[in-house]
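Chain by chain, the residues:
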Amino acid sequence: MAMSLPLILEQTLNGFQFGVFLFLIAAGLTLIFGIMNLVNLVHGSLYMMGAYFAAVAYQWSGSFLVALAVALPASFVVGIVLEIVALRTLYQRDHLDQVLATFGLILFFNQLMIFVFGAASQEMNLPQGLEGHVEIIAGAPYPTYRLVIIATGLAVALALYYLISRTRAGMLIRAGASNRAMIAALGINIRLLFTGIFGLGAMLAGLSGAMAGPILSVEPGMGEDMLILSFVVIVIGGIGSVQGAFVASVIVGVVETLGRSIIPFLLERILSNEAAQTAGPAITSMTIYILMAAVLFFRPRGLFPAKGG
Amino acid sequence: MKKVVIASGLVAALLATSAGAAETLKIGYINTFSGGAAILGKHQRDGFDLAIDHLGGKVGGLETEVIYGDDQRKPDVAKSLADKMIKKNRVNFIAGITWSNLLMAVQKSVTRSKTFLISTNAGASPMAGKLCNPYFFTTSWNNDQMPEAMGQLVQEAGDNNVFMMAPNYQAGKDMLAGFKRYYKGKVVGQILTKLGQKDYQAEISQVRAAKPETLYVFMPGGMGIAFMKQWGASGLAQSIQLYTVFTVDHLTLKPIGKAAIGTFHTNFWNHESDNPVNQKFIADFQKKYGYMPSHFAAQAYDAPLLIDSAVRAVNGDLSNKDGIRDAMRKADFKSVRGGFRYNTNHVPIQNFYRREVVAGADGNAKIVTTGVVFKDYKDSYYKDCKMTW
């Protein structure tokens with residue numbers, strides 16, 4: 001296995017892009033978990049539906065921008081409807097009840113996609129004009145589309161930062177994450193706030209699904225791949241903190257990606273080829289969970305806990 | 001006097017119904033119809049159902065009832081479905097099963113109950129070798145046959161400096177091992193990826209750094225669709241020749257799209273053969289279901305034809321299990337594959353074709369058959385099977 005400085009740089013870039021992509025999913029999840037105290041396993045399904053909306057709109061219109069223009073409001077609406085119809089009753093309940101209910105919703109949405117669109121994977125190609133490469137690192141052409149994902153993620157991060165720290169709505173979000181009971185006592189319409197936050201989270205999940213469509217497979221069950229990783233990210237980052245979600249996403253993305261390249265390389269130097277090839281993939285899969293355990297050991301509430309004193 | 005007449009009349013009526021009514025043939029069909037991989041179950045079921053249509057709903061000349069079960073890709077669900085079909089529905093045959101681990105879970109109880117089990121996909125190697133069973137037949141293949149044919153294909157092409165990639169589970173490891181049985185050149189690198197992983201940018205970077213001439217991958221289902229799209233976007237297709245197994249086929253071709261063009265793979269099914277059964281299968285399949293069948297549908301289509309030939313040979317006497325088995329071994333039916341022959345372990349002896357993905361007239365990806373890799377190929381496990389006939 002070759003290893004060189006350019007390769008390490010390239011893998012770091014890959015990891016950063018993966019992290020930014022994770023942030024798009026984790027941002028909504030951390031807000032929902034932090035403010036509404038809802039363990040929201042359906043987040044993965046909202047990501048899936050964003051991908052489906054975008055894929056179908058792209059097939060119909062031929063334009064990726066149209067696909068996004070359809071997927072984002074559609075995900076927002078689905079989120080709002082889901083919150084009002086199914087999830088409102090869960091806020092008061094135990095986390096385990098929420099897990100059970102939202103897991104059931106995962107199964108429902110997967111079958112709904114099969115029922116409506118069929119079981120086959122949806123066609124979604126790279127948008128025209130974004131199919132090329134840019135040589136950021138000499139000798140390593142980097143897909144343009146992935147740069148677009150990085151740009152989108154950073155834009156969303158900035159927009160969320162502005163929303164949360166500079167607007168009144170953002171102030172309510174921060175207050176809600178910090179002390180839910182108090183803002184209810186202060187006369188804020190909690191119901192509307194929660195519905196709005198859920199819609200925002202759903203829209204972010206839908207956006208990440210739509211962005212993922214051209215490079216991944218748009219199929220039933222695609223949300224579950226991202227779900228566990230997103231929970232790892234928000235636990236490391238601190239539940240309820242978007243800032244924490246960003247930092248944690250990038251850390252997880254880079255560690256996971258570098259781990260996949262460096263660990264097998266190191267193992268081959270220490271162990272026999274045979275042993276390295278067996279142990280390598282196994283240890284690599286464990287990396288981020290070991291990272292999570294380590295972070296929790298030193299900072300049990302994550303890196304940027306949202307709940308104030 | 002009256003009572004006797006009525007009584008004998010009743011007896012006569014009872015005798016008449018039992019003698020005149022032919023037995024219904026009951027087939028249990030177990031496959032995955034829900035979840036992410038449901039498309040595999042759909043292709044096989046559509047192929048299976050079409051064959052029953054072509055037989056006029058009467059397999060072996062008997063009224064046929066098919067009982068379907070969704071195994072949800074879970075071994076325990078598959079097993080309880082099989083048990084229920086045998087005990088409650090009293091099926092004569094059980095067919096289906098996509099996944100090797102589900103096959104291993106159901107095979108013991110099904111064969112022990114002396115019910116015939118026909119796999120329309122799962123090709124777990126123990127079933128071709130040590131655990132071969134007089135009640136188990138397959139209309140698909142043994143798992144190792146495809147990668148072995150791939151190894152031979154690459155070896156014959158003279159391509160060297162191979163980099164290999166597969167997901168880290170039993171099938172992935174088998175695909176790499178089978179390939180190495182026939183490919184004797186240099187392996188410059190190997191990666192076992194995480195099962196279910198969808199983002200391969202990091203692996204693609206590693207492949208580029210290793211500078212291979214050839215890349216061999218096994219990436220089934222959604223993993224393959226994601227990988228192929230990313231490979232296409234990477235620009236490496238110009239300098240590295242890609243060979244795939246169980247990744248590119250008529251099922252995944254549309255979502256993968258143009259990224260598949262220029263790649264090679266093998267398959268036992270020559271969809272372009274002018275064998276009339278094959279042509280009728282493809283035409284009627286497209287007419288009935290509106291899409292091009294894959295080899296999954298083709299291999300499932302052969303199953304009712306196999307059952308039909310066997311039941312006819314025993315004149316509908318479903319209790320004559322030895323007779324049915326002898327007839328199944330003869331495989332005296334016209335298959336979509338052309339000649340269909342069984343090896344001693346009830347795994348087909350079949351050809352493996354070289355297939356290439358080219359740009360069709362409309363610019364979209366199209367699979368064409370460009371040669372034969374193995375003719376009448378036997379799997380590598382039949383010598384471990386103790387059955388003789």
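Note that this is a predicted model, so its numbers are computed, not measured.

> Could you clarify how one ought to interpret the overall build of chain A in this entry?
A count of helices and strands for chain A gives 11 helices and two strands. Taken from the N to the C terminus, the helices and strands of chain A come in the order α-α-α-α-β-β-α-α-α-α-α-α-α. Expressed along its principal axes, the backbone C-alpha trace of chain A runs to roughly 65 × 50 × 35 Å. Buried positions account for 51% of the 309 residues belonging to chain A. Within chain A, counting contacts between residues at least 6 apart in sequence, those at least 24 apart form 79% of the total.

> I would appreciate a short explanation of the sheet that holds strand β1 (residues 25–31) of chain B in the present structure.
For sheets, the rule is that strands pair by backbone hydrogen bonds, running either parallel or antiparallel. Residue and element names in this part refer to chain B. Spatially, six strands are ordered β2-β3-β1-β4-β5-β6 in an open sheet, and the strand pairing comes out mixed. Two strands in the sheet have a free side with no partner beyond their single neighbour: β2 (58–59) and β6 (136–138). As paired strands, β1 and strand β3 (residues 62–70) are joined by seven bridges and run parallel to one another. What sits directly across from G28, in β3, is I67.

> Got a minute to help me understand unusual backbone geometry in this structure?
As a rule of thumb, non-glycine residues mostly have phi less than zero, and peptide bonds are mostly trans rather than cis. Residue and element names in this part refer to chain B. Even without being glycine, K211 reaches a positive phi, approximately 50°. If you trace the backbone, K211 turns up in the loop between α8 (201–210) and β9 (214–218). In this model, H346 sits at a positive phi of 65°, which is unusual for a non-glycine residue. With respect to the helices and strands, the residue H346 is situated in the loop between β12 (341–342) and β13 (348–359). A count of 26 C-beta atoms within 10 Å places H346 in the buried class.

> Just checking my understanding: could you explain the domain arrangement of chain B for this structure?
When the parts of a complex come together, some accessible area is lost, and that lost area is often used as the size of the interface. Residues and elements named next belong to chain B. As far as domains go, chain B holds domain 1 (25–141 + 273–342) and domain 2 (145–267 + 352–377). Measuring from the centre of the C-alpha atoms in domain 1 to the corresponding centre in domain 2 gives 29 Å. Facing 11 residues of domain 1, the contacting portion of domain 2 comprises nine residues. For the side of domain 1 that touches domain 2, a count of residues per class yields six nonpolar, five polar and no charged.

> I'm lost on the environment of A74(A) in this one. Help?
All names here are of chain A. Within the secondary structure layout, A74 lies in helix α3 (residues 64–87). In the structure, A74 is positioned 120 residues away from F194 in sequence and 18 Å away in space, judged by C-alpha atoms. The contact partners of A74, leaving out residues within four places of it in the chain, are F53 and G206.

> Help me out: how do you make sense of the interface of chain A and chain B in this one?
Listed as interface residues are 39 residues of chain A and, on the opposing side, 31 residues of chain B. Going through the elements one at a time, α1 (5–36), α4 (95–117), β2 (140–143), α5 (144–166), α9 (222–237), α10 (242–270) and α11 (273–298) of chain A are the ones with two or more residues in the side of chain A that touches chain B. Per-element tally for the side of chain A that touches chain B: the top contributor is α1(A), with five residues. Here the side of chain A that touches chain B is composed, by residue class, of 17 nonpolar, 15 polar and seven charged.

> Which parts of the structure should I look at to understand the packing of α1(A) against α10(A)?
All names here are of chain A. Viewed as axis vectors pointing N to C, α1 and α10 meet at an angle of 145°, and their least axial separation amounts to 7 Å. α10 is crossed by α1, and the crossing has right-handed handedness. Classifying every residue of the contact of α1 with α10 gives 15 nonpolar, 10 polar and one charged.

> Can you help me understand the nonpolar core in this one?
A general trend in soluble globular proteins is that nonpolar side chains are found buried together. Residues and elements named next belong to chain A. In terms of nonpolar packing, the biggest core is built from 205 residues, with A27, A51, A54 and I197 touching the most fellow members. Looking at which element gives the most residues to this core, the answer is α1, with 15 residues. Beyond its immediate stretch of four places on either side in the chain, A54 contacts A67, L68, A71, M124, G209, A210 and G213.

> Got a minute to help me understand the pairing of strand β4 (residues 93–96) of chain B in this structure?
Sheet faces and side chains relate simply in a regular strand, where the side chains alternate between the two faces. Residues and elements named next belong to chain B. The side-chain alternation of β4 yields two buried faces, one formed by F93 and A95 and the other by I94 and G96. Pairing geometry for β1 and β4, over four bridges, is parallel. Across the sheet, G28 pairs through a bridge with I94, a residue of β4. Note: β4 against strand β5 (residues 116–119), four bridges, orientation parallel. Opposite G96, over in β5, you have S119 as the bridge partner. Crossover handedness for the path β4 to helix α4 (residues 100–112) to β5: right-handed.

About the cut-offs
- Residues numbered from 1 in each chain as written.
- Chains lettered and ligands numbered in written order.
- Predicted model: local features only at pLDDT ≥ 70, side-chain atom pairs only at ≥ 80, totals over all residues.
- Helix = DSSP H or I, 4+ residues; strand = E, 2+ residues; numbered from the N terminus.
- Buried ≥ 20, exposed ≤ 12 C-beta atoms within 10 Å, placed from the backbone.
- Contact = placed C-beta atoms within 7 Å.
- Pairing = 2+ DSSP bridges.
- Domains from an automatic or database assignment.
- Nonpolar A, V, L, I, M, F, W, Y, C, P; charged D, E, K, R; others polar.
- Axes fitted to C-alpha atoms, helices over the stretch in contact; angles between N-to-C directions.
- Left-handed = near helix turned anticlockwise from the far one by under 90°.
- Core = buried A, V, L, I, M, F, W, Y, C linked by C-beta atoms within 7 Å.
- Right-handed = clockwise from strand over helix to strand, strands pointing away.

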